[in-house]
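# Coordinate analysis (summary)
Spelled out, the chains give:
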Amino acid sequence: MSLTTFAILLSAIGIPMSWQIAIAYFKDPVEGMKKNHHRLECLPYVMTDRYVSFAFLATAATLYRDRAVIAFLAACFAFMALSDTLIYARRGYPYRSHLVFGVLAVIVAAVATFAKLMNGVAA
């Protein structure tokens, strides 16, 4: 087995693990927090880590310069931001910053997707 194949296999192993955590939070957020040993009082620090990670991902996608990677990452960011928008809006909390980020991420995803589809055509 090549190192590339092994790296892809290891990456693939993380997919069901991530889905399992996501489903646990979806079913019961409080139980998901307990199951994953998260503490509510640590949430601001956890969010800091997450946003630093998002910045690293965006930087890597940009430097990698692959339109498909940029489109996919931007679509993921759009999903997160627009989901947060709905969560806050339904509860009557301010949500404008989430909405703005979500719309901007949709624009990035759309432009990168269009650029990929144009593949070689000067656009």
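What comes next is a walk through the structure. These numbers come from a predicted model, not from an experiment.

## So, a nonpolar patch on the surface
A contiguous nonpolar surface patch, about 1000 Å² in accessible area, is contributed by Leu-82, Ile-87, Tyr-88, Tyr-93, Tyr-95, Leu-99, Val-100, Val-103, Leu-104, Val-106, Ile-107 and Val-111. Listed by contribution, the elements that provide at least two residues to the nonpolar patch are α4 (67-90) and α5 (96-118). Per element, the largest residue contribution to the nonpolar patch is 7 residues, and it comes from α5. Along the chain, Val-111 falls in helix α5. Judged by its relative accessible area of 53%, Val-111 is exposed.

## Some remarks on the nonpolar core
One finds Ala-61, Leu-73, Phe-77, Ala-78 and Ala-105 forming the largest nonpolar core, which totals 5 residues. At 3 residues, α4 tops the list of elements feeding residues into this core. Beyond its immediate sequence surroundings of up to four residues, Ala-61 is in contact with Asp-66, Val-69, Ile-70 and Leu-73.

## Digging into the pattern of salt bridges
The final tally for this structure, using the stated rule, is 1 salt bridge. Arg-39 serves as the salt-bridge partner of Glu-41, at 3.1 Å between the closest nitrogen and oxygen. Across the pair, Arg-39 and Glu-41 agree in class, each one exposed.

## As for α5
Taking 1.5 Å of rise per residue, the 23 residues of α5 would be expected to cover 33 Å, and the 33 Å separating its terminal C-alpha atoms lies within 8% of that figure. All of the buried residues along α5 are His-98, Gly-102, Ala-105, Ala-109 and Ala-112. Along its buried surface, α5 packs onto α4.

## Overview of the packing of α4 against α5
The relative placement of two packed helices comes down to the angle between their axes together with the axis-to-axis distance. The interhelical angle for the contact between α4 and α5, taken along N-to-C directions, is 155°, at an axis separation of 7 Å. Between α4 and α5, the angle is such that the two are roughly antiparallel. α5 is crossed by α4, and the crossing has left-handed handedness.

Calculation rules
- Residues numbered from 1 in each chain as written.
- Predicted model: local features only at pLDDT ≥ 70, side-chain atom pairs only at ≥ 80, totals over all residues.
- Heavy atoms only, no water.
- Patch = residues over 30% accessible without salt bridge, like charges linked within 9 Å, V, L, I, M, F, W, Y side chains within 5 Å.
- Areas by Shrake-Rupley, 256 points an atom, 1.4 Å probe, with all protein chains shown as cover.
- Salt bridge = Lys/Arg side-chain N within 4 Å of Asp/Glu carboxyl O.
- Helix = DSSP H or I, 4+ residues; strand = E, 2+ residues; numbered from the N terminus.
- Buried < 20%, exposed > 50% of the residue type's maximum accessible area, 1.4 Å probe, protein only.
- Core = buried A, V, L, I, M, F, W, Y, C linked by side-chain atoms within 4.5 Å.
- Contact = heavy atoms within 4.5 Å.
- Expected span 1.5 Å × (residues − 1).
- Axes fitted to C-alpha atoms, helices over the stretch in contact; angles between N-to-C directions.
- Parallel < 35°, antiparallel > 145°, perpendicular 65-115°, else oblique.
- Left-handed = near helix turned anticlockwise from the far one by under 90°.

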